[in-house]
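Coordinate analysis (summary)
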Amino acid sequence: MFKTENEYLYIIDELAANDFVVVNDFLPNDIFESIKVHFDECVEAEKFEKAGIGAFADNTIKSEIRGDYTFWLDKKKDIKIKGYFEMADELMAIINRYCYLSLKDYEFHLAQYPIGSFYKKHLDQFKSRNNRMITIIIYLNEAWSDGDGGELNMYLVDKELKIPPIANRCVLFKSDTILHEVLPTNIIRKSLTGWFLHKPKVVGAILG
Ligand code: OGA
Ligand code: NI
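These numbers were taken from a predicted model, which means no experiment stands behind them.

At 2.0 Å from the nickel ion (ligand 2) lie its protein donor atoms, namely His122 (NE2), Asp124 (OD) and His180 (NE2). Within one chain, the residues donating to the nickel ion (ligand 2) are spaced in sequence as H-x1-D-x55-H. You can see Asp124 sitting in the loop between β5 (119–122) and β6 (132–139) and its partner His180 sitting in strand β10 (residues 179–182), a full 56 residues away along the chain. Of the two residues, Asp124 and His180, both sit in the buried class.

With a phi close to 70°, Asp19 is a non-glycine residue in the positive phi region. Relative to the helices and strands, Asp19 resides in the loop between α1 (5–18) and β1 (20–23). Classification of Asp19 as partly exposed rests on a relative accessible area of 22%.

For an α-helix, the turn length of 3.6 residues means that residues three or four places apart are oriented alike. Under the 1.5 Å per step criterion, the end-to-end length of helix α2 (residues 29–44) is 23 Å for 16 residues, consistent within 8% with the ideal 22 Å. When we look at burial in α2, the residues that qualify are Ile31, Phe32, Ile35, Lys36, His38, Phe39 and Cys42. Taken down its axis, α2 places every buried residue within 165° of arc, on the same side. Exposed residues on α2 whose side chains face more than 90 degrees from its buried face are Asn29, Asp30 and Glu44. Packing partners of the buried residues in α2 comprise β3 (69–72), α3 (82–99), β4 (105–113), β6 and β11 (189–197). Residue Glu46 follows α2 closely and has a positive phi angle near 55°.

Further remarks concern the sheet that holds β6. Taken together, 7 strands build an open sheet; the order of strands is β1-β9-β6-β11-β4-β3-β2 and the sheet is antiparallel. Only two strands of the sheet have a single neighbouring strand rather than two, namely β1 and β2 (49–50). As paired strands, β3 and β4 are joined by 4 bridges and run antiparallel to one another. Following the sheet pairing, Thr70 is matched in β4 by Ala111. Strands in contact with α1 are β1, β6 and β9 (170–174); relative to β1, the strand with the most contacts, it is inclined by about 145°. Relative to the sheet, α2 contacts β3, β4, β6 and β11, its axis offset from that of β4 by approximately 60°.

Our next topic: the environment of Lys80. Mapping Lys80 onto the fold places it in the loop between β3 and α3. Since its relative accessible area comes to 49%, Lys80 is described here as partly exposed. In the structure, Lys80 is positioned 60 residues away from Phe20 in sequence and 29 Å away in space, judged by C-alpha atoms. Apart from the residues lying within four places of it in its own chain, the contact partners of Lys80 are Ser34, His38 and Glu41. Of note is the side chain of Lys80, whose polar atom sits 2.6 Å from the side chain of Glu41.

On to the packing of aromatic side chains, then. Per the counting criterion, the structure on display carries 10 aromatic pairs. Judged by centre distance (6.1 Å) and plane angle (70°), the rings of Tyr84 and Phe85 are edge-to-face. Residues Tyr84 and Phe85 agree in their burial class; the two are buried. Ring centres of Tyr106 and Phe108 lie 4.9 Å apart, and the angle between their planes is 40°; this geometry places the pair in the tilted category. Residue class for Phe108 comes out buried when judged on its relative accessible area of 2%. The lysine or arginine in question, Arg132, covers the ring of Trp195, its NZ or CZ lying 3.6 Å from the ring centre. The lysine or arginine in question, Arg189, covers the ring of Tyr113, its NZ or CZ lying 5.0 Å from the ring centre.

Cut-offs used in this document
One numbering rule holds for all chains: residues counted from 1, following each sequence as written. To label them, take the chains in the order written and letter them from A, then take the ligands in the order written and number them from 1. With the structure being a predicted model, the display of local features is reserved for residues of pLDDT at least 70 and the display and counting of side-chain atom pairs for 80 or more, all residues being used for whole-chain, interface and lining totals. Side-chain numbers come from the whole structure's heavy atoms, not from hydrogens or water. Coordinating donors are taken to be N, O and S atoms lying within 2.8 Å of the metal, or within 3.2 Å when the metal is Na, K or Ca; because water is excluded from the atom set, some sites may appear incomplete. Only runs of H or I of at least four residues qualify as helices and only runs of E of at least two qualify as strands under DSSP, and these elements are numbered from the N terminus. Here's how the labels work: a residue is buried when its accessible area is under 20% of the maximum for its type, exposed when over 50%, partly exposed in between, all with a 1.4 Å probe on protein chains only. In this analysis, the expected span of each helix is defined as 1.5 Å times one less than the number of residues it contains. It is the directions from the helix axis to the C-beta atoms that the arc portrays. Working rule for contacts: check all heavy atoms of both residues, and any pair within 4.5 Å makes them a contact. Pairing between strands requires that DSSP locate at least two bridges from one strand to the other. Only the contacting stretch of a helix is used when fitting its axis, a line to C-alpha atoms as for every element, and angles between N-to-C directions run 0 to 180 degrees. We call two N or O atoms a polar contact when they sit within 3.5 Å, provided that within protein one can donate a hydrogen and the other can accept it, with sequence-adjacent residues counted only if both atoms are side-chain atoms. Any pair of Phe, Tyr and Trp rings, taking the six-membered ring for Trp, is counted once the centres come within 6.5 Å. Such a pair is stacked with planes under 30 degrees apart, edge-to-face with planes over 60 apart, and tilted for the rest. By definition, being over a ring means that NZ of Lys or CZ of Arg is both within 6 Å of the ring centre and within 35 degrees of the ring normal.

Rendered as structure tokens:
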């Protein structure tokens with residue numbers, strides 16, 4: 001196991017009680033480092049593309065809503081981060097066991113927000129495709145400090161909660177429930193973002 005039963009149970013309990021949970025030092029160090037290396041290599045190889053909004057034929061580029069660049073990961077091709085996929089499998093099994101969900105699949109992308117970019121308030125579900133159950137974000141920003149911006153702002157029932165995107169912090173939340181936004185960033189902001197799905201994703205679909 002990548003985390004102890006108790007660490008997983010804390011995550012499950014918080015997610016069930018609040019619809020979100022923030023976990024610092026989420027990944028084992030070797031997996032975290034492998035993601036950072038892979039991220040930089042994918043940037044170098046120009047694999048990132050301007051992200052769109054909406055799924056399938058609705059997918060459109062709207063920089064006034066969303067300014068990040070993404071690269072969709074593939075378990076079979078991105079073998080450098082094999083450990084991450086193994087941990088995602090483990091987490092998915094634990095969520096299924098304790099939350100009585102039947103998560104079947106996941107999708108992950110690397111995301112890079114250039115200086116000045118943001119992602120306006122939204123839910124992580126599409127009108128045409130509502131199979132995203134749980135959002136998972138892992139931040140990769142080693143030197144983030146106050147004033148660097150790019151916080152994840154979550155709209156909770158009674159307040160807004162700003163979460164600094166610091167390295168190896170993980171945020172999990174219910175994709176259809178938590179309204180959220182990425183505030184304008186003053187540094188290049190990096191993350192690995194993904195979704196646990198209740199139906200297998202459609203092969204070859206254009207994803208947003
Ligand atoms: C998203 C998103 C939040 C973040 O990609 O849908 O809301 O903190 N990301 O990166
Ligand atoms: Ni989102």
